[in-house]
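Residue-level listing of the chains:
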Amino acid sequence: MCQNKVAIVMGSDSDLPTMKEAAEVLEKMGIPYEMSILSAHRTPERAHAFAKTAKEKFSIVIAGAGGAAHLAGVIAASTPIPVIGVPIKTSTLNGVDSLYSIVQMPPGIPVATVGIGSAKNAGILAAQILALQDVAIAQKLNAFREKQTNEVIEKNNQLEGMGWQKYAETKLSGK
Ligand code: RP5
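What counts and how
- Residues numbered from 1 in each chain as written.
- Predicted model: local features only at pLDDT ≥ 70, side-chain atom pairs only at ≥ 80, totals over all residues.
- Heavy atoms only, no water.
- Buried < 20%, exposed > 50% of the residue type's maximum accessible area, 1.4 Å probe, protein only.
- Helix = DSSP H or I, 4+ residues; strand = E, 2+ residues; numbered from the N terminus.
- Pairing = 2+ DSSP bridges.
- Right-handed = clockwise from strand over helix to strand, strands pointing away.
- Near = heavy atom within 4 Å.
- Polar contact = N/O pair within 3.5 Å; in protein donor to acceptor, adjacent residues only side chain to side chain.
- Areas by Shrake-Rupley, 256 points an atom, 1.4 Å probe, with all protein chains shown as cover.
- Nonpolar A, V, L, I, M, F, W, Y, C, P; charged D, E, K, R; others polar.
- Expected span 1.5 Å × (residues − 1).
- Bend = angle between axes of the 7 residues up to and from the residue.
- Contact = heavy atoms within 4.5 Å.
- Axes fitted to C-alpha atoms, helices over the stretch in contact; angles between N-to-C directions.
- Patch = residues over 30% accessible without salt bridge, like charges linked within 9 Å, V, L, I, M, F, W, Y side chains within 5 Å.
- Salt bridge = Lys/Arg side-chain N within 4 Å of Asp/Glu carboxyl O.

Draft legend 1. Structural context of the pairing of strand 1 (residues 6-10). Most of strand 1 is tucked away: five of the five residues are buried. Residues Val6, Ile8 and Met10 line one face of strand 1 and the alternating positions Ala7 and Val9 line the opposite face, and both faces are buried. For strand 1 and strand 2 (residues 33-37), the ladder comprises five bridges, and the chain directions are parallel. When the sheet's bridge partners are listed, Met10 is paired in strand 2 with Ile37. A crossover links strand 1 with its parallel partner strand 2, the connecting element being helix 1 (residues 16-28), and its sense is right-handed.

This is the structure in structure tokens:
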């Protein structure tokens, strides 16, 4: 096994704007990762070779793909380490195609699938798995959650203080 290293793979460079969110989370948590473009359809031999050796270098794989998205499943078929699938939003079917392709694995070969475009959650989930055996990552996750909780409480205080109309005008005008 490796030292908590995560592989982030994606079917195309067009997936990068989504998949970079997983990398950003891992960086915040101080978790080492490698990122690659690998396609189950366009580079099938490379995808298979990656999967066969993934456990020597990585603890978890995060795999994003769109459309007939087989990458996560193909990798999961050839590695015992956990694979987290990220369905990429598509212009034709809004990512429902990607979601169904990734989430509906046959019994015996699971892929832990996050929501459409939810690479951030994939990064957090990877961190949570690693935190089971790594106190430093667990502490960073706790701090992350605390900050998130405080931000929501602060927003609520402001909304209750100024009323929803003013809040919407001043805080949500750019959204
Ligand atoms: C998939 O096909 C990729 O994961 C990507 O989401 C989709 C489209 O790829 P490009 O045509 O943009 O390279 O394999």
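Draft legend 2. Region of interest: the site of the ligand. Within the structure, the ligand sits among Gly11, Ser12, Ser14, Asp15, Arg42, Ala65 and Gly66. Asp15 has a polar side-chain atom sitting 2.6 Å from an oxygen atom of the ligand. Within the contact set of the ligand, an oxygen atom lies 2.8 Å away from a side-chain nitrogen or oxygen of Arg42. Contact with the protein chains removes 65% of the 360 Å² of surface that the ligand exposes when unbound. In terms of residue class, the shell around the ligand is built from one nonpolar, four polar and two charged.

Draft legend 3. Spatial organisation of helix 2 (residues 44-57). Helix length check: helix 2 (14 residues) gives 20 Å between terminal C-alpha atoms against 20 Å at 1.5 Å per residue, within 8%. The sharpest bend along helix 2 reaches about 35 degrees and sits at Ala51. Looking only at helix 2, the buried set comprises Ala47, Phe50, Ala51 and Ala54. Residues of helix 2 that are buried in the fold lie against strand 1, strand 3 (60-65) and helix 3 (71-77).

Draft legend 4. Local environment of the sheet that holds strand 4 (residues 83-87). Strand order in the open sheet formed by five strands is 2-1-3-4-5, with parallel pairing between adjacent strands. Of all the strands in the sheet, just strand 2 and strand 5 (112-113) have a single pairing partner and so form its edges. Sheet contacts for helix 1: strand 1, strand 2, strand 3 and strand 4; angle to strand 1, the most-contacted strand, approximately 170 degrees.

Draft legend 5. Highlighting a nonpolar patch on the surface. A contiguous nonpolar patch, built from Leu93, Val96, Tyr100, Val103 and Ile116 and spanning about 430 Å² of accessible area, is present on the exposed surface. Along the chain, Leu93 turns up in the loop between strand 4 and helix 4 (96-103).

Draft legend 6. Spatial organisation of the pattern of salt bridges. As enumerated under the stated definition, the model contains four salt bridges in all. A salt bridge links Glu24 to Lys20, with the shortest nitrogen-to-oxygen separation between them at 3.6 Å. Separated by four residues within a single helix, Glu24 and Lys20 lie in helix 1, roughly one turn from each other. Assessed through its relative accessible area of 36%, Lys20 is described here as partly exposed. Salt-bridge contacts for Lys57 lead to Glu34; the nearest nitrogen and oxygen are separated by 3.0 Å. Here Lys57, found in helix 2, pairs with Glu34, found in strand 2; they are 23 residues apart in sequence, far enough to count as distant. Classification of Lys57 as partly exposed rests on a relative accessible area of 39%.

From the geometry alone we can't say anything about function, so treat these as descriptive.
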